[in-house]
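Letter by letter, the chains look like this.
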Amino acid sequence: MTLLVSSADARNLKLMAFDVDGVLTDGRLYYGPDGEALKVFNTLDGHGLKKLAASGVTLALITGRDTPMVARRAAELGIQHVIQGREDKGVALADLAASLGVTARETGYAGDDEPDVPALQWAQIAFAPSSGHDCARAAADHVTRARGGEGAVREICDALLEHRGDA
């Protein structure tokens with residue numbers, strides 16, 4: 001994949017944050033008979049996230065919903081920074097980066113909809129899945145070929161690793 005960002009930006013990346021619904025999942029919510037919401041995560045994305053973390057990039061999830069499935073998936077992947085129930089994703093990302101001593105120039109973000117636009121604009125490297133809303137795709141530096149929940153995150157991770165020299 002050809003990124004529309006420089007290899008230097010990929011090498012300088014210290015923090016990569018992802019929205020959940022529509023990025024790590026296909027954006028659909030499944031409700032069981034007792035009203036519980038279910039999410040489907042792609043294992044290819046999970047492996048990409050583990051590889052990116054192993055290269056020294058701190059990972060984070062920032063989502064507007066607050067569900068136990070997100071916390072569980074983050075724990076399975078070793079993602080320590082999970083911010084749930086936040087619609088102000090640009091503020092959430094900037095606050096997280098500041099708490100980690102990371103600048104916007106050292107931060108990446110992947111999001112798929114209007115609440116993600118401020119975070120996409122704040123981060124040095126911004127991604128949207130091909131299934132994302134027009135506003136998110138317009139704010140992103142790169143739009144993946146894959147749809148959210150169908151390998152978009154793996155595509156992002158693989159490309160970053162390639163440009164970092166860790167592929």
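See the structure printed just above.
Residues numbered from 1 in each chain as written. Predicted model: local features only at pLDDT ≥ 70, side-chain atom pairs only at ≥ 80, totals over all residues. Heavy atoms only, no water.

(A) Structural view of the environment of Ala-92. Counting through the fold element by element, Ala-92 comes out in helix H4 (residues 89–100). Residues Ala-92 and Ala-119, spaced 27 residues apart in sequence, show a C-alpha to C-alpha distance of 8.2 Å. (Helix = DSSP H or I, 4+ residues; strand = E, 2+ residues; numbered from the N terminus.)

(B) The sheet that holds strand E7 (residues 125–128), seen in detail. On the basis of which strands lie adjacent, the open sheet formed by 6 strands has the order E5-E4-E1-E6-E7-E8 and parallel pairing. Strand pairing shows two members of the sheet lacking a second neighbour, strand E5 (81–83) and strand E8 (142–143), which therefore form its edges. Summarising the sheet, strand E1 (residues 15–18) and strand E6 (residues 107–110) pair through 4 bridges and their orientation is parallel. From the neighbouring strand, Leu-15 faces E6, where its bridge partner is Thr-107. Relative to E1, helix H7 (residues 152–164) is tilted by about 170 degrees, and along the sheet it contacts E1, E6, E7 and E8. (Pairing = 2+ DSSP bridges. Contact = heavy atoms within 4.5 Å. Axes fitted to C-alpha atoms, helices over the stretch in contact; angles between N-to-C directions.)

(C) Up close: the pattern of salt bridges. Applying the stated rule across the entire model yields 11 salt bridges. A salt bridge links Lys-14 to Glu-106, with the shortest nitrogen-to-oxygen separation between them at 2.9 Å. Here the residue Lys-14 occupies a position in the loop between helix H1 (7–12) and E1, and Glu-106 occupies one in the loop between H4 and E6, the gap between them amounting to 92 residues. Under the relative-accessibility criterion, Lys-14 is labelled partly exposed at 42%. In this structure Glu-106 comes out as buried when scored by relative accessible area, which is 15%. Among the ionic pairs, Arg-65 bridges to Asp-21, the shortest N-O distance being 3.3 Å. With Arg-65 in the loop between strand E4 (58–62) and helix H3 (68–77) and Asp-21 in the loop between E1 and strand E2 (30–31), this pair connects stretches of sequence that are 44 residues apart. (Salt bridge = Lys/Arg side-chain N within 4 Å of Asp/Glu carboxyl O. Buried < 20%, exposed > 50% of the residue type's maximum accessible area, 1.4 Å probe, protein only.)

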